[in-house]
Amino acid sequence: MDIWMLPLLALAGVLAGWLNVLAGGGSMVSVLAMLFMGIPGPIANGTFRVAILAQNFTAVTSFRQRGFSDFRLSLSLAAAASVGAMAGAMVGVQLSGLWFNRALGLVMVGVLILMATDWGRATPQPAQETPGGPKNLVLGHILMVGAGLWGGFIQIGVGFIFMPILARVMGIDLVRVNMHKVFIVMVYTSIALLVFASQGGVLWSAGLALAFGHAIGAWLGVRSAVLKGDKLIRRVFMLMISALVVKLLFFP
């Protein structure tokens, strides 16, 4: 790819990383940027995993430095999600360009629905370090397998799945929801990236440029207490995604 594209990808990555740490949906920015630069959909799907890995490693480190970590619970949740992620990634690498575009279009329709409702938003819980009762803990781990399947397959919008599981099902407060989310995604993304890379589905130059931006965005996201301009960002996202859905489904 042309060298001038790399700084643009890095800038897109800053916004994507910031959004991903705070809530979700930022991966759409990275994928959209690559698609508009002419990178095929299946390659973009593998490439931006490099950035997701860098972003979440940075976020985990930042949370740890600020005194937020529970590696025991994070690791068990990540193990459950990784089972699904392995299966999802193996399906993702098999998709041709046309079928990937169609799948991505349908996934984005789902993301639009989540963004238009309250389901994709984690309901703030009272500050607490541990989840609810044993049933909540078991159910949370079971649902993590399905969330990991989505994440391994296409990743986009996975934050809108993780946050309600952690907050509503397991009863974890919002700060620790993000703390666990970034650790879980870091672990299963390592596995998914290996699957995509083994099949030649990663454009490393673009991935590293995005990774640089995502890491900066994650660093900023951990330090942002409130997502300002949330309504405006959601409206712009919905308009942007709607246009891309029409292109992917009807003008592949």
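Just so it is clear, the model here is predicted, and its values are computed rather than measured.

(A) Inspection of the UniProt feature "transmembrane region" (unreviewed entry) in the protein at higher detail. Within this structure's numbering, the places UniProt gives as "transmembrane region" (unreviewed entry) are residues 71-91, 103-122, 142-167, 179-196, 202-220 and 232-251. Between the C-alpha atoms that bound residues 71-91 the distance is 29 Å, and the span itself is 100% helix and 0% strand. Segment residues 202-220 splits into 89% helix and 0% strand. End C-alpha atoms: 26 Å apart.

(B) Seen up close, helix H9 (residues 204-222). Counted at 1.5 Å a residue, the expected span for H9 with its 19 residues is 27 Å, and the 26 Å between its end C-alpha atoms agrees. Restricting attention to buried positions, one finds in H9 the residues Ala206, Gly207, Ala209, Leu210, Ala211, Gly213, His214, Ala215, Gly217, Ala218, Gly221 and Val222.

(C) Just the environment of Leu19, in detail. When you line up the elements, Leu19 lands in helix H1 (residues 5-22). Separated by 201 residues in the primary sequence, Leu19 and Leu220 have C-alpha atoms spaced 9.6 Å apart.

(D) Region of the structure containing the packing of helix H3 (residues 41-65) against H9. Here H3 crosses H9 at 25°, and the two axes come no closer than 7 Å. Taken together, the axis directions place H3 and H9 in an arrangement best described as roughly parallel. In the packing of H3 onto H9, the handedness of the crossing is right-handed. Judged by residue contacts, Thr47, Phe48, Val50, Ala51, Ile52, Ala54, Gln55, Thr58, Ala59, Ser62 and Phe63 of H3 engage Trp204, Ala206, Gly207, Leu208, Leu210, Ala211, His214, Ala215, Ala218, Trp219 and Val222 from H9. For the contact of H3 with H9, the class distribution of residues is 16 nonpolar, six polar and no charged.

Definitions and limits used
- Residues numbered from 1 in each chain as written.
- Predicted model: local features only at pLDDT ≥ 70, side-chain atom pairs only at ≥ 80, totals over all residues.
- Heavy atoms only, no water.
- UniProt positions renumbered as here; feature names shortened; annotations may be inferred.
- Helix = DSSP H or I, 4+ residues; strand = E, 2+ residues; numbered from the N terminus.
- Expected span 1.5 Å × (residues − 1).
- Buried < 20%, exposed > 50% of the residue type's maximum accessible area, 1.4 Å probe, protein only.
- Axes fitted to C-alpha atoms, helices over the stretch in contact; angles between N-to-C directions.
- Parallel < 35°, antiparallel > 145°, perpendicular 65-115°, else oblique.
- Left-handed = near helix turned anticlockwise from the far one by under 90°.
- Contact = heavy atoms within 4.5 Å.
- Nonpolar A, V, L, I, M, F, W, Y, C, P; charged D, E, K, R; others polar.

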